[in-house]
Amino acid sequence: MEKKASGYYIGKDVLLDIHHNILMNLTASHNERLIRTVKLKGTMMRLLVYLLENADNKLISNNDILVHVWDNFNLKSSSPRLWQVINLLKLKLITTGVPYDFITKSGNKGYTIRAELIMPIYYNEKIQCNT
């Protein structure tokens, strides 16, 4: 069986549910200023998953992000669009309780992710064999 990520814990309180495109804080109470649940749209979700899958505290280049999040899905990519979606994503992450420095820009080259805050959640996918 092949392991496949169904989500990620980000820090100790935030869960990303890939199948439902939801980012949620599991411990936020009604008295806190945190948003408990945020729905992410397609491109933003692909961006976050790509960053999480490639988070090893090394630089993830802008070009790699543009290709894997936009170009491979027949969408027009550009550096300004990447910057815009990253900033909106960071805002959503912060409002659910993810630290501000979770995603860091490295000049005009790309982004780094604090990998120590990420824990993937896997499920086993049946591998079908043709015999």
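Provided above is the structure to which this section pertains.
Visitor: Go over helix α3 (residues 79-95), please, and point to the residues and values.
Guide: Side chains three or four residues apart in an α-helix point the same way, a direct result of the helix having 3.6 residues per turn. Helix length check: α3 (17 residues) gives 24 Å between terminal C-alpha atoms against 24 Å at 1.5 Å per residue, within 8%. Listed in full, the buried residues belonging to α3 are L82, V85, I86, L89, K90 and L93. Here the buried residues of α3 occupy an arc of 140° about the axis, which is enough to place them on one side. Turned more than 90 degrees from where α3 packs its buried face, P80 and L91 sit exposed. You can read the cap of α3 off the contacts: a side-chain oxygen lies 3.2 Å from the backbone nitrogen of R81, and it is on S78. Where α3 terminates, the next one or two residues include G97, which has phi positive at roughly 110°.

Visitor: Which residues make up the pairing of strand β3 (residues 22-25), and what are the values?
Guide: As defined by bridge partners, strand β2 (residues 14-17) adjoins β3 across 4 bridges and the pair is classed as antiparallel. Pairing of D17 across the sheet is with I22, part of β3. Remark: 4 residues form the turn of the hairpin made by β2 and β3, two consecutive strands paired antiparallel; N21 in that turn has positive phi of roughly 55°. The sheet contact formed by β3 and strand β4 (residues 37-39) spans 3 bridges and is antiparallel. Bridge pairing links M24 to T37 in β4.

Visitor: Which residues make up the sheet that holds strand β5 (residues 60-61), and what values go with them?
Guide: Backbone-to-backbone hydrogen bonds join strands into a sheet, with any given pair of strands oriented parallel or antiparallel. Read across the open sheet, the 3 strands follow the order β5-β7-β6; overall the sheet is antiparallel. Lying at the two open borders of the sheet, with one neighbouring strand each, are β5 and β6 (103-106). Together, β6 and β7 (110-113) form the strand contacts of α3, whose direction differs from that of β6 by roughly 150°.

Definitions and limits used
Residue positions are given per chain, counting from 1 as you read along its sequence in written order. With pLDDT at 70 or above as the cut-off, local features in this predicted model cover only qualifying residues; side-chain atom pairs require 80 or more to be listed or tallied, and sums for whole chains, interfaces and linings still use all residues. Excluding hydrogens and water, the side-chain figures rest on all heavy atoms present in the structure. Secondary structure counts use DSSP, requiring at least four H or I residues in a row for a helix and at least two E residues in a row for a strand, with both numbered from the N terminus. A helix is expected to span 1.5 Å for every residue after the first. Throughout this description, buried means an accessible area under 20% of the type-specific maximum (1.4 Å probe, protein chains only), exposed means over 50%, and partly exposed covers the range between. Each C-beta atom gives one direction from the helix axis, and the arc is the one those directions make. N or O atoms within 3.5 Å of each other form a polar contact, as long as, within protein, one can give a hydrogen and the other can take it, and as long as residues adjacent in sequence are counted only when both atoms are side-chain atoms. By the convention used here, strands pair only if DSSP detects at least 2 bridges between them. Whether two residues are in contact is decided by their heavy atoms: any pair within 4.5 Å suffices. A fitted line through C-alpha atoms represents every axis, and for helices the fit uses only the stretch in contact; the resulting angles, taken between N-to-C directions, go from 0 to 180 degrees.

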